[in-house]
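Topology and contacts: notes
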Amino acid sequence: MNKTIDDYMNDPDIVNEPKALREIHAVRLMIYDEIKNMTASERTAYFNQSGEAVSKKYGFKLLGKTGDSLPDGAASSGNAAYEGGAYGFLHEN
C-alpha cells in the first residue's frame, strides 16, 4: 500500500507538532520509506534524479564543487550534498 502525504502528516510520532514542522517530518518519512530498501548506488541515483528534476524546474544550473568561483553577477542559492563533496546551485539574478 502506498501512503499519501496525509498518511505521513497524521503519523502518531509527529501529529502533535506545528504544521510546518510536521510537513518537513512527513516528507522525510516519505523519502525514507522510498529509499530504505535501496542500495547505496540506487539511493545516489534517486537523489541525483530528484536534484536534477528540481534544478530543471526552477532553472538552477549545477556549478561544481563548493569553492569554485561563480560567474560575475551570479548568486549561490546554497549547497546540495553529493557523495564526494558539496555542489552549489546557481541562479542568475
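Since the structure is predicted, the reported quantities are computational estimates derived from the model, not experimental observations.

A word on the overall build of the chain
Summing up its helical and strand segments, the chain has three helices and three strands in all. Going from the N terminus to the C terminus, the chain shows its helices and strands as α-α-α-β-β-β. Across the 93 residues that make up the chain, the buried fraction comes to 16%. Contacts in the chain between residues at least 24 apart in sequence constitute 27% of all its contacts with a sequence separation of at least 6.

Points about helix α2 (residues 19-35)
Spanning 17 residues, α2 covers 24 Å between terminal C-alpha atoms, matching the ideal 24 Å at 1.5 Å per step. All buried positions along α2 are accounted for by R22, A26 and I35. Lining the buried residues of α2 we find α1 (5-9) and α3 (40-58).

Some remarks on the packing of α2 against α3
The interhelical angle for the contact between α2 and α3, taken along N-to-C directions, is 135°, at an axis separation of 11 Å. In this view, α2 runs oblique relative to α3, as classed from their interaxial angle. Across from I31, E34 and I35 in α2, the residues of α3 making contact are R43, Y46 and F47. Considered class by class, the residues forming the contact of α2 with α3 number four nonpolar, no polar and two charged.

Focus on the side chain of R22
Along the chain, R22 falls in helix α2. Within the buried set, R22 has no salt-bridge partner at all; the shortest N-O distance to an opposite charge, 6.9 Å, is to E23. A polar contact of 3.2 Å, which involves the side chain of R22, links it to the backbone oxygen of M9. Beyond its immediate chain neighbours, meaning those up to four positions away, R22 contacts M9, I14, V15 and E17.

What about the confidence of the model for the chain?
Looking at the chain, the pLDDT average stands at 78 and 65% of residues meet or exceed 70. Ranking the helices and strands of the chain by mean pLDDT puts α2 first, with 95, and strand β2 (residues 74-82) last, with 49. In this model, residues 79-86 is a region of pLDDT below 50 whose contacts with residues beyond four sequence positions or in other chains number 16 contacts.

Describing the environment of H25
Position of H25 among the secondary structure elements: in helix α2. Residue H25 is classed as partly exposed on the basis of its relative accessible area, which comes to 23%. Setting aside its immediate chain neighbours within four residues, H25 contacts I14 and E17.

Reading guide: rules and limits
- Residues numbered from 1 in each chain as written.
- Predicted model: local features only at pLDDT ≥ 70, side-chain atom pairs only at ≥ 80, totals over all residues.
- Heavy atoms only, no water.
- Helix = DSSP H or I, 4+ residues; strand = E, 2+ residues; numbered from the N terminus.
- Buried < 20%, exposed > 50% of the residue type's maximum accessible area, 1.4 Å probe, protein only.
- Contact = heavy atoms within 4.5 Å.
- Expected span 1.5 Å × (residues − 1).
- Axes fitted to C-alpha atoms, helices over the stretch in contact; angles between N-to-C directions.
- Parallel < 35°, antiparallel > 145°, perpendicular 65-115°, else oblique.
- Nonpolar A, V, L, I, M, F, W, Y, C, P; charged D, E, K, R; others polar.
- Lys, Arg positive; Asp, Glu negative; His and termini not counted.
- Salt bridge = Lys/Arg side-chain N within 4 Å of Asp/Glu carboxyl O.
- Polar contact = N/O pair within 3.5 Å; in protein donor to acceptor, adjacent residues only side chain to side chain.
- pLDDT = per-residue confidence, 0-100.

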